[in-house]
Amino acid sequence: MNNEFEDRHGVSDMMPNNQQRKKQSFIWKVLTMRERNGRTMERGTIDSHEALSNSSIQNQGSVPSMSSCEEIQNFSVFAATWNVGGQCPSGNLDLSDFLQVRNEPDMYVLGFQEIVPLNAGNVLVLEDNEPAAKWLALINQSLNGPLDFTSNKGLKPTASFGGSLFFQKPSLKKIKKTFKKLNGKRLKSCNCVLEMERKAAMDFCFRCQESNLSLDDSSTEEEDDNFPISVALATNQMKYSLVTCKQMVGIFVSVWMKKELVQYVGHLRISCTSRGIMGCLGNKGCISVSMSFYQTSFCFICSHLASGEKEGDELRRNLDVIEILKNTQFPKICKTQYSRMPDKILDHDRIIWFGDLNYRISLSRDDAKRLVEMKDWPALFNKDQLKMEREAGRVFKGWKEGKIYFAPTYKYAFNSDTYYAEGVKVSKNKRRTPAWCDRILWHGRGIQQLSYVRKEFKFSDHRPVCATFLVEVEVMFRGQKKKVATFNFQIHDIVPSRTSYYL
């Protein structure tokens, strides 16, 4: 009779509440003994009724507590911005010094402006993505060395552009496809585990980081254009993988990461905000990238704001920033109901904003030139529009920027160290006062700037600006340093039957 009853009902149904508590206590004593024996366990949240009603217990370390399995690690991030003035690069342009490859940062976040001329054809008709492909290949060459075409049949390098760098008529889509072929894997846009939702509710989204690389994951070309989630892992010798890239008219952004870290990236999303002609065209605006890295959310904004050095033009730039922060909305792609991935810029944990912000110096050209010649950067910076607008609380409230100890980055004559029209008679409307147009700011805790410099490339009328950061990241160990003790046993293995329980 008793055996038939036990077959029909679970162990928890036949025991009084106090006996259930004793059994539950006994279970955890067993687990504690395992931990004392040197096996590290991550104890998840277990509902007592579910634990005793199920016929087995399966690896309860899947949703570990924050205190037992999470720690802060520091990663280096290199961010750079460069307005290239509509100039298309040649194959012999070496970006190694610009990218400071000797420092080997963990992540590269690179933003370009005016990679194509901002003419009506590119703004209103169809943007030219061939320059973006060339910049992407140049970056890859500096980070990883020349591409190896021996394993890629049908792809012929173009000798007119850097030998092994490019194919005939390079395009951004073709370059991205090549990276996918070289890698054979794809990075999932959402890396949450659906079955965890039942057990961890609202806390689980950042606690279920699995390996995000999947051979089976697929997406359409349209999805690739909107959510570029391909990963470039050409050979074992490659140090960096392309995580994502995106072009909007002249703005181009790419994110690279050490290939062994890419598996911890997830929730990749991109949002483009146009602030150009009539406030709706892409000749001005921004590309924003949102992603999770381990259990920390990141947002990178590459922008090109309103130009002009007339009085009041700084207010137009302020408006651009305000509208970008208000209107940028990242799509909800997480497969889980309780995702904590933010959909607005300021809701992210770590934020870096970079680009041609176009803020000028509120001095006459002669006064600014005199201070530049004296290298009196503090006096010149006191008249910087972005500094004054931030101090007045009209823009970038709560954001930070490193101290500037370099010369204004705009406007130079092409292929020259001379500021534009210096020593040359030109019309008044073509004169430009030197300015720090190209800037990098950040928002959020856990970000420390290590360097803030400009690089001496004469390629365009702007000088590139670079910053290195040390960024804190919440890292949860699952199957790594803090390994989960895997166990799978039946209830009757650790809980005696009713007869033996009382012996």
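Small disclaimer: the values here were computed from a predicted structure and weren't measured.

A. Spotlight on the overall build of the protein. A tally of regular secondary structure across the protein gives 16 helices and 15 strands. Across the 503 residues of the protein, 54% fall into the buried class. Considering only contacts in the protein between residues 6 or more positions apart, those separated by 24 or more positions represent 73%. Working note: accessible area of the protein is about 23800 Å², and carbon and sulfur atoms make up 48% of it.

B. Quick peek at the sheet that holds strand 13 (residues 447-454). Strand order in the open sheet made by the 6 strands is 6-7-3-2-14-13, with mixed pairing throughout. Edge positions in the sheet fall to strand 6 (240-248) and strand 13, since each of these pairs with one other strand and no more. On average, each strand axis in the sheet is inclined to that of its neighbour by 20 degrees, with strand direction left out of account. Pairing analysis gives 6 bridges linking strand 3 (residues 107-113) to strand 7 (residues 251-258), with the strands arranged antiparallel. Across the sheet, the residue bridging to Phe112 is Phe252, located in strand 7. Here helix 7 (residues 130-144) sits on the sheet and contacts strand 2 (70-83), strand 3, strand 6 and strand 7; the angle it forms with strand 7, its principal contact strand, is near 25 degrees.

C. Here's a closer look at the sheet that holds strand 10 (residues 296-304). Taken in spatial order, the 5 strands of this open sheet run 8-9-10-11-12, and their pairing is mixed. Whereas interior strands pair on both sides, the edge strands pair on one side only; in this sheet they are strand 8 (265-274) and strand 12 (438-443). On average, each strand axis in the sheet is tilted by 15 degrees relative to the strand beside it, whichever way the strands run. As paired elements, strand 8 and strand 9 (residues 285-293) share 8 bridges and run antiparallel to each other. Within the sheet, the bridge partner assigned to Arg269 lies in strand 9 and is Ser290. Contacting strand 8, strand 9 and strand 11 (350-356), helix 11 (residues 313-327) crosses the sheet at an angle of about 140 degrees to strand 11.

D. Representation of the confidence of the model for the protein in the model. Mean pLDDT over the protein stands at 75; residues scoring 70 or higher make up 62%. In the predicted structure, residues 4-16 sits below a pLDDT of 50 and forms 11 contacts with residues beyond four places in sequence or in another chain. Scored below 50 in pLDDT, residues 194-235 makes 133 contacts in the model with residues more than four places away or belonging to other chains.

E. A look at the pattern of salt bridges. In total, this model carries 19 salt bridges according to the counting rule given. Residue Asp320 pairs with Arg275 through a salt bridge whose shortest N-O separation is 3.0 Å. Of this pair, Asp320 sits in helix 11 while Arg275 sits in the loop between strand 8 and strand 9; the two residues are 45 residues apart in sequence, bridging distant segments of the chain. Here Asp320 and Arg275 have matching classes, each one buried. Salt-bridge contacts for Lys458 lead to Asp417; the nearest nitrogen and oxygen are separated by 3.3 Å. With Lys458 in the loop between strand 13 and strand 14 (465-476) and Asp417 in the loop between helix 14 (385-391) and strand 12, this residue pair connects regions lying 41 residues apart in the sequence.

F. Fine view of the layout of surface pockets. By volume, the largest pocket is sized at about 680 Å³. Taken together, 31 residues line the largest pocket, and the ones lying closest to its centre are Gly308, Glu309, Arg360, Arg431 and Arg432. Split by residue class, the lining of the largest pocket holds 4 nonpolar, 12 polar and 15 charged.

G. Region of interest: the environment of Lys335. You can see Lys335 is positioned in the loop between helix 11 and strand 11. On the accessibility criterion, Lys335 (53% relative accessible area) is exposed. Each C-alpha atom, one on Lys335 and one on His267, is 9.9 Å from the other, the two residues being 68 residues apart in sequence.

H. Quick look at the packing of aromatic side chains. Counted according to the given criterion, the structure contains 24 aromatic pairs. With a centroid separation of 6.1 Å and an interplanar angle of 75 degrees, the aromatic rings of Phe98 and Phe457 are classed as edge-to-face. In this pair, Phe98 sits in helix 5 (residues 96-99) while Phe457 sits in the loop between strand 13 and strand 14, placing the two residues 359 residues apart along the sequence. Grouping residues by exposure puts Phe98 and Phe457 together as buried.

I. How the structure looks around the nonpolar core. Core analysis: the largest hydrophobic core is formed by 57 residues, its most contacted members being Met107, Met257, Phe293, Phe300, Ile352 and Phe469. In terms of residue count, strand 14 provides more of this core than any other element does, 6 residues in total. When neighbours within four sequence positions are excluded, Phe469 is seen to be in contact with Phe75, Ser76, Val77, Ala79, Ile352, Ile440, Trp442, Ile447, Gln448, Gln449 and Leu450. Ranked by size, the runner-up nonpolar core spans 30 residues in total, among them Leu99, Ile139, Tyr240 and Cys466.

J. Expanded view of unusual backbone geometry. Cis geometry marks the peptide bond from Tyr410 to Lys411, where omega comes out at 0 degrees. Note that Lys411 resides in the loop between helix 14 and strand 12. Located in the positive-phi region is Asn358, a residue other than glycine, with phi close to 70 degrees. Residue position: Asn358 is located in the loop between strand 11 and helix 12 (365-374).

K. The arrangement of a nonpolar patch on the surface in detail. A grouping of Leu124, Val125 and Leu126 is seen on the molecular surface, where their side chains present a nonpolar patch of about 370 Å² in accessible area. Mapped onto the elements of the fold, Leu124 is located in helix 6 (residues 120-125).

Rules used throughout
Throughout, residues of each chain are indexed from 1 in the direction in which the sequence is written. With pLDDT at 70 or above as the cut-off, local features in this predicted model cover only qualifying residues; side-chain atom pairs require 80 or more to be listed or tallied, and sums for whole chains, interfaces and linings still use all residues. Based on all heavy atoms of the structure, the side-chain values leave hydrogens and waters out of the count. Strands here mean DSSP runs of E at least two residues long; helices mean DSSP runs of H or I at least four residues long; both are numbered from the N terminus. Only protein chains enter the calculation, and the probe is 1.4 Å; a residue is then buried if its accessible area is under 20% of its type maximum, exposed if over 50%, and partly exposed in between. Contacts: residue pairs with any heavy atoms within 4.5 Å of one another. Per-residue and other accessible areas follow the Shrake-Rupley method at a 1.4 Å probe size, with only the shown protein chains counted as cover for residues. In short, DSSP must find at least two bridges between two strands for them to pair. Where helices are involved, their axes are fitted lines through C-alpha atoms of the stretch in contact, as for all axes, and angles between N-to-C directions lie from 0 to 180°. Think of pLDDT as the predictor's per-residue confidence, scored from 0 to 100. Salt bridges are defined by distance alone: a side-chain nitrogen of Lys or Arg within 4 Å of a carboxyl oxygen of Asp or Glu. Buried and open spaces are told apart on a 1 Å grid over the protein atoms alone, a cavity being a set of points where a 1.4 Å probe fits but cannot get out and a pocket being an open set with protein on both sides within 12 Å along at least five of seven lines. Residues with an atom within 4 Å of a point are the lining residues. Grid points are joined across faces, edges and corners, and a volume is the space filled by probe spheres set on the points. Classification used: nonpolar for Ala, Val, Leu, Ile, Met, Phe, Trp, Tyr, Cys and Pro, charged for Asp, Glu, Lys and Arg, polar for all others including Gly. Ring pairs shown here join Phe, Tyr and Trp side chains whose ring centres sit within 6.5 Å, with only the six-membered ring taken for Trp; geometry is labelled stacked below 30 degrees between planes, edge-to-face above 60, and tilted in between. Think of a nonpolar core as a cluster: buried Ala, Val, Leu, Ile, Met, Phe, Trp, Tyr and Cys residues, connected wherever their side-chain atoms sit within 4.5 Å. Two distance rules govern patches: like charges are joined within 9 Å, and nonpolar side chains (Val, Leu, Ile, Met, Phe, Trp, Tyr) within 5 Å, applied only to residues with over 30% relative accessible area and no salt bridge.

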